[in-house]
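Geometric and topological summary
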Amino acid sequence: MINPIKTFVPIIQGLQITFAHLFKKPVTLQYPDERPKVAARFRGLHALNVSHDKAKCVACYLCPTVCPAKCITVEAGEDANHDKFAAVYEIDMLRCIFCGYCVEACPVDAIRMTGEFELANYSRKDFVYSKERLLEKK
Amino acid sequence: MDIVILGLPMMYYIAMVAKVLVAFVFVLLTVAYATYAERKIIGHMQVRLGPMRTGWHGLLQPIADGVKLFFKEEIVPAQASTFAFLIAPLIALIPAFITFAVIPFGGVIEVAGYKIPLQIASYVDVASGKVFDLNVGVLYILAMSSLGVYGIVLAGWASNSKYSLLGGLRASAQMISYELAAGLAIVAVFMLSGTLSMNEIVRLQSGFGGFDWYAFKQPLAFIMFFICSIAEINRTPFDLPEAETELVSGFCTEYSSMKYAMFFMAEYANMITVCAITTTLFLGGWNGPLATTIPLLGPVYFVAKVYFLIFFCMWLRATVPRYRYDQLMHIGWKVFIPLGLLNIVVTGIWNFIIQ
């Protein structure tokens, strides 16, 4: 036999909860109109830091070494002052897992991660970010 | 206005057409905006917003949905029984709408010297001044609600799909078992009223300034009838015929376009009808303070009560999860039917003592 108290009391309690929720402020973010507040330490798209109008990167190969997804390609070059610099610096965003190990590994603070998270694109090749595109992100 | 057709004045026919149009448009609009209200209310109960992007706060959403469904492709499955497949949504939709014919939504109003009772299937006899309506109104409602099952069963059978068939089977079993309990709950009301005419039942509840409701005299019957009605129209928490988790979409799995929209409309029209019947039988119909002196207040009270019950249905949907099938049958056969019989016996003894 069904116990009426055990059957109806939980339903009434549930009704109270849903009714109380009716007057709460909705948590929905109206995304394209409203922008989310990105946290300061959010790990989004990478950016190469600049110093004296040049990328700080010295092509030490620590970031492609530490990268667990193997998405960073670096090729070293030598400039007029016989300084080492990154002639090629590419990050494949389709493989990147946004772990931030490259930022941690960098000895000269040449790479950081921005709050940029809208990385959608139309073709696969557009996801490979070259040195120029990474420098553009200030 | 002296033209007489079949012994009735011209005004009778004009009033009849007007009443049918008003009631039909009212139900259609309520169906459209009940879908919107449901999405909004359940959204806010889940601390979401609900539709927001079509029109101001999503107010044009039902129209957008309707246009979208209208332009969708009509698909009839290759092995389906075409005629039954096409006719099933109509069979589901029509009984949901025509039940409104016997529901009184107001008192008697006077237009150009002619008295019009606000109930579709009724008229005021000029000679005696009495209101005549369908004297077996409740039986008519019970008959129509049973007809609605055929649409769902036919849809399930004609689709030639296992999901649809199981949905149709579940729907028929569920609706038949809960109709018994709902019928037993109404019997207790008849024992108090002594009539099956909806108009009379409403009139008998007009005491105490319009608050002499049968819900207070028969609280058990009221709760039982409302729960059984929700089960009979397959709404959550009793929506097993279209349980997504196991049956995809139940009896309407194979339906698309306007035919699917018709099932959707039938579901919401049924909800409105059931809420209107509950209002009429238990919540005093259009009765309320001053409703007899100001006739136009009647429809206002009626609509307010019906909308409150519709809100309650949505509230319940946001709260209670779906019952398991054996639980559903257990509640129907082992709880509600004995309780209904007991209620009838107690009401009978009580009536006997009072007399």
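Quick look at the structure, then.

Rules behind the numbers
- Residues numbered from 1 in each chain as written.
- Chains lettered and ligands numbered in written order.
- Predicted model: local features only at pLDDT ≥ 70, side-chain atom pairs only at ≥ 80, totals over all residues.
- Helix = DSSP H or I, 4+ residues; strand = E, 2+ residues; numbered from the N terminus.
- Rg over C-alpha atoms; globule rule 2.2 N^0.38 Å.
- Buried ≥ 20, exposed ≤ 12 C-beta atoms within 10 Å, placed from the backbone.
- Contact = placed C-beta atoms within 7 Å.
- Pairing = 2+ DSSP bridges.
- Core = buried A, V, L, I, M, F, W, Y, C linked by C-beta atoms within 7 Å.
- Nonpolar A, V, L, I, M, F, W, Y, C, P; charged D, E, K, R; others polar.
- Expected span 1.5 Å × (residues − 1).
- Bend = angle between axes of the 7 residues up to and from the residue.
- Axes fitted to C-alpha atoms, helices over the stretch in contact; angles between N-to-C directions.
- Parallel < 35°, antiparallel > 145°, perpendicular 65-115°, else oblique.
- Left-handed = near helix turned anticlockwise from the far one by under 90°.

1. Focus: the overall build of chain B
- Counting secondary structure elements, chain B contains 13 helices and six strands.
- Taking 2.2 N^0.38 as the reference for a compact globule, 355 residues should give roughly 20 Å; the C-alpha atoms of chain B span a radius of gyration of 21 Å, in line with that estimate.
- Projected onto its principal axes, the C-alpha coordinates of chain B cover approximately 60 × 50 × 45 Å.
- Put simply, chain B has 355 residues, and 44% of those count as buried.
- The long-range fraction of contacts in chain B, counting pairs at least 24 apart against all pairs at least 6 apart in sequence, stands at 74%.

2. Topic: the pairing of strand β5 (residues 84-92) of chain A
All names here are of chain A.
- Here strand β4 (residues 72-78) pairs with β5 via seven bridges, running antiparallel. Along β5, the bridge assignment pairs V74 with Y89.
- If you look at the hairpin formed by β4 and β5, you'll find five residues sitting between the two strands, and H82 has a positive phi there, around 60°.
- As defined by bridge partners, β5 adjoins strand β7 (residues 128-129) across two bridges and the pair is classed as antiparallel. Paired with D92 across the bridge in β7 is V128.

3. A short note on the nonpolar core
- Within the largest apolar cluster, 93 residues are counted, with the highest numbers of intra-cluster contacts made by A185, F225, C228, A269, M271, I272 and I310 of chain B.
- Beyond its immediate sequence surroundings of up to four residues, I272 of chain B is in contact with V27, T30, V31, A34, V306 and I310 of chain B.
- In terms of nonpolar packing, the next biggest core, distinct from the first, is built from 14 residues, C71, Y89, A110 and I111 of chain A among them.

4. Details of the sheet that holds β7 of chain A
- With antiparallel pairing, the three strands of this open sheet are ordered in space as β4-β5-β7 (chain A). The open sheet has two edge strands, β4 and β7 of chain A, and neither has a second partner.

5. Observations concerning the interface of chain B and chain A
- Facing the twelve residues of chain B at the interface are 13 residues of chain A.
- At the level of elements, α1 (10-45) and α12 (297-319) of chain B are the ones that each hand at least two residues to the side of chain B that touches chain A.
- Examining the composition of the side of chain B that touches chain A, we find that three residues originate from one element, α12 of chain B, more than from any other.
- Here the side of chain B that touches chain A is built from residues that sort into eight nonpolar, three polar and one charged.

6. Some details on helix α13 (residues 325-354) of chain B
Residues and elements named next belong to chain B.
- Helix length check: α13, at 30 residues, gives a terminal C-alpha distance of 42 Å against a target of 44 Å (1.5 Å per residue), a fit within 8%.
- The principal kink in α13, of about 30°, is found at F336, preceding the proline P338 by one to four residues.
- Taken together, the buried positions of α13 are L328, I331, G332, F336, G340, N343 and T347.

7. Observations concerning the packing of helix α9 (residues 219-232) of chain B against helix α11 (residues 257-282) of chain B
Residue and element names in this part refer to chain B.
- α11 packs onto α9 with a crossing angle of 170° between their chain directions and a minimal axis gap of 10 Å. Taken as axis vectors, α9 and α11 run roughly antiparallel relative to one another. Taken together, the residues of α11 that come into contact with α9 (itself represented by F222, F225, F226 and S229) are V274, T278 and F282.

8. Focus on the packing of helix α5 (residues 162-193) of chain B against α9 of chain B
All names here are of chain B.
- Two numbers describe how α5 lies on α9: the axes approach to 8 Å, and their chain directions differ by 155°. Between α5 and α9, the angle is such that the two are roughly antiparallel. In the packing of α5 onto α9, the handedness of the crossing is left-handed. Side by side, α5 and α9 meet where Q174, M175, Y178, E179, A181, A182, A185, I186, A188 and V189 of the first sit next to A221, M224, F225, C228, S229, A231 and E232 of the second.
- Looking at the contact of α5 with α9 residue by residue, the classes come out as 13 nonpolar, two polar and two charged.

9. Observations regarding helix α1 (residues 4-22) of chain A
- Taking 1.5 Å per residue as the helical rise, α1 of chain A with its 19 residues ought to reach 27 Å, and the 27 Å between its terminal C-alpha atoms agrees with that figure.
- In terms of burial, α1 of chain A is largely open, as just one of its 19 residues are buried.

10. Regarding unusual backbone geometry
Residues and elements named next belong to chain A.
- You will see that H52, though not glycine, has its phi angle at about 50°, which is positive.
- Counting through the fold element by element, H52 comes out in the loop between β2 (50-51) and β3 (54-55).
- A positive phi angle, close to 70°, is found at Y61, a residue other than glycine.
- Tracing the sequence through the fold places Y61 in the loop between β3 and α2 (62-66).

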